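Residues per chain, in single letters:
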Amino acid sequence: MRAEEALDIYYKMAKIRAFEEKAAELYTKGSIVGFCHLYTGQEAVIVGISQNFTKADSIITSYRDHGHLLAIGVEPRYVMAELCGKITGCSKGKGGSMHLYNRSRNFFGGNGIVGAQVSIGTGLALAHKYKSTGGIAFIFFGDGAANQGQVYESFNMAAIWKLPALYILENNRYALATPTERSTVRNSLKKRGDPFGIRTICVDGMNLLEVIQKSRDAANQVREKLEPLILHVDTYRYKGHSMSDPEIYRSRSEVDSIRKTRDPIANFAAVLQERYGLDAEVIEKIDKDVMEKIEIAARFALDSPAPSEASLNMDVLL
Amino acid sequence: MIKTAVRYAIRDAMAEEMRRDSSVFLLGEEVGRFGGAYKVSQGLLREFGDGRVIDAPITEHAFTGLGVGASMAGLRPIIEFMTFNFAMQAIDQIVNTAAKTFFMSGGNISCPIVFRGPNGIPRGVAAQHSQCFASWYAHVPGLRVVSPYTSAEAYYLLKAAIRSDSPVIFLEHELLYSKEFIIPPKMEVMPLDKASIVREGTDITLTAFSICVDHAIKVAEVLQDQHDISAEIINLISLRPIDKPTIIQSVQKTGRILNIEEGWPVCSIGSEIISIVCEGAFDYLDAEPSRICSVDAPIPYAPNLENAALPSIDKIVRAVKKLCGKR
């Protein structure tokens, strides 16, 4: 990877981190309401995997979707405006945090029902096969969704019909407040594809370079063999399940220790310095640029008008 | 003029739309090699191959979600439920994603998909296989809900449903599959949101859909011949949206209305019809707007109990006579 590319990737992760921290701030101030699921800690997952997206591919994820939309290049101001319920938001203020979409980039949500996106994503994969698009479906879900029955119904269909689906299990260790050890028999998440003959590739989701490399291998295999594959990603979320989570299920020291030792952004900053010989000032400048961009996005969101009440009955039926 | 059974009308509509548009495909349990559990899709596999007539495993929840995903990506899936009872496994995907995505995405992403299969009470199959889901789906903004009675309706409405850019719930009835009707030629498609006046009358309006239109027609003859009551019959066809102007105009003429359906009474299509009439034609009413439903209990197996549970000609005639002040 060239230095410019590495810097660009760093920029993308820093942008998501800054965006989420700003979202938390706006939530506390009351500008964002309801559910707001932050992605801090998991940035390397989407940024690393999105390096392998092509124009023909499609993407779908859960309600923890801000980072995904930013990673595919949607301007932060349209995402922040959506979180603030404004007409300028990417869903015209009608979807909110959990329902972000971008048709031109084949991003199909943002789904608020845990696990629903796995079946829908399998349909995206079917469409790739049906239309011979050459693309594949990137289907993101969490360790919580991994216990939904429809996930395995989907694996079964993807396997028998050889659908080009890359299932990405973002294991951030907690399904809301329940740790995987308590929800998942014998810690079996890495073996869930076995009965369907779907191979699982495991990756450290806090290590950006590993995510890029292993997700590239995984995506290439799906493209070449035209069959499903699972990428099990070991990651961690720093914030609560949503903004209203008191986090009584884990200790502050657990979060602090992972932040200190495994933070994907800090660790990649170290790589930039050690491997690419970049100065700390270069990285600081990126951080500063990102903060400015997010400030502008927040101002845009706050200054934008709310949707008109006349739009209430629009976009219901075609 | 040729007579065609409803099952073949549905099959022909699917075949013609599949020939016209390569993005249309059929997916469901036993739709391919077996030709459909009710033989509705017979012959389609031979013509279109297993890439477009897809036998799904018994996995309603995920294959419904899969259909919804394929529709978002630009295909036009027809998802067949062996019966709508089994769609309960999948209702989340229908209500939470198919119906709401167009709205939630601010008009960015649509779900042009048809969910079809037999609905209602096919007799003798007990509670879990006997239920009308019309009012369940009619409750949900973002869906279109239609239920044909004749072969012509089945044929033209299904073509329109497949071409619709909104998700359509297409409620068929097992007991109508073999019933033959004349299909008038040279129509294109039928509007998805219009009721049809099956019989004109002056004393009472009978509204119904699907197999209950059959009851209404029989009842109207009895009323005319034996009780000198002239009934107007409206075949609702669309349950979301309901064609309010047709109903209100009719009640303005007749002053009375009775809805007939196989569903349960609480929060039924009949409840909605009564609301529509109270809100839109209150001053024209000569009697309380009323409804005949199945009794408010799960549908029993024993034939005598099942008969007692369902709307019948006798029950309807009695109700009409009461509304018309006749003994």
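In case you missed it, the structure is sitting above this.
Source: prediction; values computed, not measured. (Residues numbered from 1 in each chain as written. Chains lettered and ligands numbered in written order. Predicted model: local features only at pLDDT ≥ 70, side-chain atom pairs only at ≥ 80, totals over all residues. Heavy atoms only, no water.)

Draft legend 1. The arrangement of the packing of aromatic side chains in detail. Scanning the entire structure with this criterion turns up 18 aromatic pairs over all chains. The interplanar angle of 40° and the centroid separation of 5.2 Å between the aromatic rings of Y130 of chain A and F25 of chain B together place this pair among those described as tilted. Linking Y130 of chain A in helix α5 (residues 116-131) with F25 of chain B in strand β2 (residues 24-28), this pair reaches from one chain into another. By relative accessible area, Y130 of chain A is classed as partly exposed at 21%. Here the aromatic rings of F84 of chain B and Y137 of chain B are separated by 5.9 Å at their centres, their planes lie at 70°, and the arrangement is edge-to-face. With F84 of chain B in the loop between β4 (76-80) and α4 (91-98) and Y137 of chain B in helix α6 (residues 134-138), the pair connects residues that are 53 residues apart, well separated along the chain. Both residues of the pair, F84 of chain B and Y137 of chain B, count as buried. Grouped by ring-pair contacts, the aromatic residues F63, F81, F84, F115 and Y137 of chain B constitute a single cluster. Taking NZ or CZ as reference, R77 of chain A lies 5.7 Å from the ring centre of F300 of chain A, over its face. (Phe/Tyr/Trp six-rings, centres within 6.5 Å; stacked < 30°, edge-to-face > 60°. Helix = DSSP H or I, 4+ residues; strand = E, 2+ residues; numbered from the N terminus. Buried < 20%, exposed > 50% of the residue type's maximum accessible area, 1.4 Å probe, protein only. Lys NZ or Arg CZ within 6 Å of the ring centre and 35° of its normal.)

Draft legend 2. Broad picture of the interface of chain B and chain A. Taken together, the contact between chain B and chain A spans 45 residues of the former and 36 residues of the latter. The contact between chain B and chain A buries some 3,300 Å² in all, and 68% of this surface belongs to carbon and sulfur atoms. On the chain B side of the interface with chain A, the three residues burying the most area are L66, F103 and M104 of chain B, jointly 20% of the side's total. Inspection of the region where chain B meets chain A yields 0 salt bridges. Taken together, the links from chain B to chain A amount to 18 residue pairs in polar contact (both at pLDDT 80 or more). Those elements giving two or more residues to the side of chain B that touches chain A turn out to be β2, β3 (53-55), α3 (60-72), α4 and α5 (101-104) of chain B. The residue inventory of the side of chain B that touches chain A, partitioned by class, reads 19 nonpolar, 20 polar and 6 charged. (Contact = heavy atoms within 4.5 Å. Buried area = accessible area lost by both parts, 1.4 Å probe. Salt bridge = Lys/Arg side-chain N within 4 Å of Asp/Glu carboxyl O. Polar contact = N/O pair within 3.5 Å; in protein donor to acceptor, adjacent residues only side chain to side chain. Nonpolar A, V, L, I, M, F, W, Y, C, P; charged D, E, K, R; others polar.)

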